[in-house]
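# A structural walkthrough
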Amino acid sequence: MAEADPSDCLSRLENLITDNLHTRIDPANHASMIGWGPSFNVAHQIRAVLTLHHAGACVAASLNRRSALTYAITLRWCVDQVTG
């Protein structure tokens with residue numbers, strides 16, 4: 001099986017960020033409201049990583065990558081707690 005291209009995955013995540021992203025959240029759904037913050041953080045950390053990589057500052061992006069990963073793992077843990 002071919003290895004996934006990390007830059008392709010990051011670009012796909014970046015494309016999820018839109019100006020009206022906040023309008024997709026149902027304020028009556030508590031899970032959506034709780035997940036909104038970490039999801040938004042992951043999206044912006046990914047944008048920061050891509051911006052730094054495009055500027056040739058790949059080493060500087062390590063903190064952003066770690067933060068995105070931490071929030072993504074936290075989100076996954078929350079989902080597992082609800083469905084598990």
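Above this text is the structure in question.
Residues numbered from 1 in each chain as written. Predicted model: local features only at pLDDT ≥ 70, side-chain atom pairs only at ≥ 80, totals over all residues. Heavy atoms only, no water.

### Things to note about helix 2 (residues 30-54)
With 25 residues, helix 2 extends 37 Å between its outermost C-alpha atoms, agreeing within 8% with the 36 Å of an ideal straight helix rising 1.5 Å per residue. Listed as buried for helix 2 are Gly-35, Pro-38, Val-42, Ala-43, Gln-45, Ile-46, Val-49 and Leu-50. (Helix = DSSP H or I, 4+ residues; strand = E, 2+ residues; numbered from the N terminus. Expected span 1.5 Å × (residues − 1). Buried < 20%, exposed > 50% of the residue type's maximum accessible area, 1.4 Å probe, protein only.)

### Notes on the side chain of Asn-64
Residue position: Asn-64 is located in helix 3 (residues 62-83). On the accessibility criterion, Asn-64 (17% relative accessible area) is buried. In this structure Asn-64 touches Gln-45, Ala-48, Val-49 and Leu-52, once residues within four positions along its chain are discounted. (Contact = heavy atoms within 4.5 Å.)

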